[in-house]
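Letter by letter, the chains look like this.
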Amino acid sequence: MSPENLQSIAYRWFDAFNTKQLEKLLTLYDDEAQHFSPKLKIRQPETQGLIIGKEAMRVWWQDAFDRLPSLNYKVTSLTANSDRVFMEYVRKVEGEEDMLVAEVLEVRDGKIIASRVYHG
C-alpha cells in the first residue's frame, strides 16, 4: 500500500477511537490481529500486554471507553511506508496528566494485522 493509504487508515483509526465507534474501529483490523500495550500489562497482567483477535480488542477497548469517557487522542505526527504507519499522539483524559504515546500499525491487504503501543 502507499504511504498515503496507510495514513488514511490511521486517520480513520483516530476518528473511530475518538468518537467511541468501536465497531468502526474494529473493521480496520484483521480478524486475528494482535495488539500490544503497556496498559494491558497493568490492567490484565495475565496477557503480558498482548491480546489477539477482534473479540479481545472489543472487550479491551469497550472497557477503556466505559472507564474513561473523556479519553481522546490528539495526533501530533504520522509517518508511513509501504506496510506500517508510525503514529505519535497525546493521550488526554480529564483529571489525568497528558501522556505522550507512539503506536505502530502494521497493515497487510488493507487491514491492520498488528498494533504496538509505546508510552513515554
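For clarity, every value in this text was computed on a predicted model and none was experimentally measured.

## Let's talk about the pairing of strand β3 (residues 72–80)
Phase 1: Bridge count between β3 and strand β4 (residues 84–92): 8 bridges; the pairing is antiparallel. Counted as the bridge partner of S77 is E88 from β4.

## Thoughts on helix α1 (residues 3–18)
Phase 1: The end-to-end C-alpha separation of α1 is 22 Å, in line with the 22 Å expected for 16 residues at 1.5 Å each.
Phase 2: Looking only at α1, the buried set comprises L6, I9, A10, W13, F14, A16 and F17. Viewed along the axis of α1, the buried residues span an arc of 170°, placing them on a single side of the element.

## A look at the sheet that holds β4
Phase 1: The sheet built from 6 strands is open, its strands ordered β2-β1-β6-β5-β4-β3 with mixed pairing. The open sheet has two edge strands, β2 (50–52) and β3, and neither has a second partner. Between one strand and the next, the sheet's axes are offset by a mean angle of 20°, whatever the strand orientation.
Phase 2: α1 rests against β1 (29–36), β3, β4, β5 (99–108) and β6 (111–119) of the sheet, and its axis sits at about 170° to β3.

## Description of the pattern of salt bridges
Phase 1: Scanning all chains against the criterion turns up 11 salt bridges.
Phase 2: For the salt bridge of E96 with R91, the shortest nitrogen-to-oxygen distance reads 2.9 Å.
Phase 3: Within this structure, D83, R84, E106 and R116 form a network of salt bridges that share partners.

## Here's the deal with the environment of L6
Phase 1: Residue placement: L6 occurs in helix α1.
Phase 2: Residue classification places L6 among the buried positions, given a relative accessible area of 0%.
Phase 3: In sequence terms L6 and K41 are 35 residues apart; their C-alpha atoms lie 28 Å from each other.
Phase 4: Beyond its immediate stretch of four places on either side in the chain, L6 contacts M1, A80, N81, S82, D83, R84, V85 and V107.

## Points about the nonpolar core
Phase 1: W13, F17, L25, Y29, W61, M87 and I112 are the most contacted members of the largest nonpolar core, which has 33 residues in total.
Phase 2: If you list the elements that add at least two residues to this core, you get α1, α2 (22–26), β1, α4 (54–67), β3, β4, β5 and β6.
Phase 3: Here this core gets 7 residues from one element, more than from any other, and that element is α1.
Phase 4: What F17 contacts, discounting residues up to four positions off in sequence, is L25, W61, F65, L71 and Y73.

## Some points on the environment of D15
Phase 1: Mapped onto the secondary structure, D15 falls in helix α1.
Phase 2: Looking at D15, the relative accessible area reads 36%, which means it is partly exposed.
Phase 3: Distance in space between the C-alpha atoms of D15 and L25 is 8.4 Å, their sequence separation being 10 residues.

## Observations concerning α4
For an α-helix the count is 3.6 residues per turn, leaving residues at separations of three or four pointing the same way.
Phase 1: Taking 1.5 Å of rise per residue, the 14 residues of α4 would be expected to cover 20 Å, and the 20 Å separating its terminal C-alpha atoms lies within 8% of that figure.
Phase 2: Where α4 is buried, its residues touch α1, α2, β1, α3 (38–43) and β2.

Thresholds, definitions, all that
- Residues numbered from 1 in each chain as written.
- Predicted model: local features only at pLDDT ≥ 70, side-chain atom pairs only at ≥ 80, totals over all residues.
- Heavy atoms only, no water.
- Pairing = 2+ DSSP bridges.
- Helix = DSSP H or I, 4+ residues; strand = E, 2+ residues; numbered from the N terminus.
- Expected span 1.5 Å × (residues − 1).
- Buried < 20%, exposed > 50% of the residue type's maximum accessible area, 1.4 Å probe, protein only.
- Arc of directions from axis to C-beta.
- Axes fitted to C-alpha atoms, helices over the stretch in contact; angles between N-to-C directions.
- Contact = heavy atoms within 4.5 Å.
- Salt bridge = Lys/Arg side-chain N within 4 Å of Asp/Glu carboxyl O.
- Core = buried A, V, L, I, M, F, W, Y, C linked by side-chain atoms within 4.5 Å.

All quantities given are derived from atomic positions and should not be read as evidence of function.
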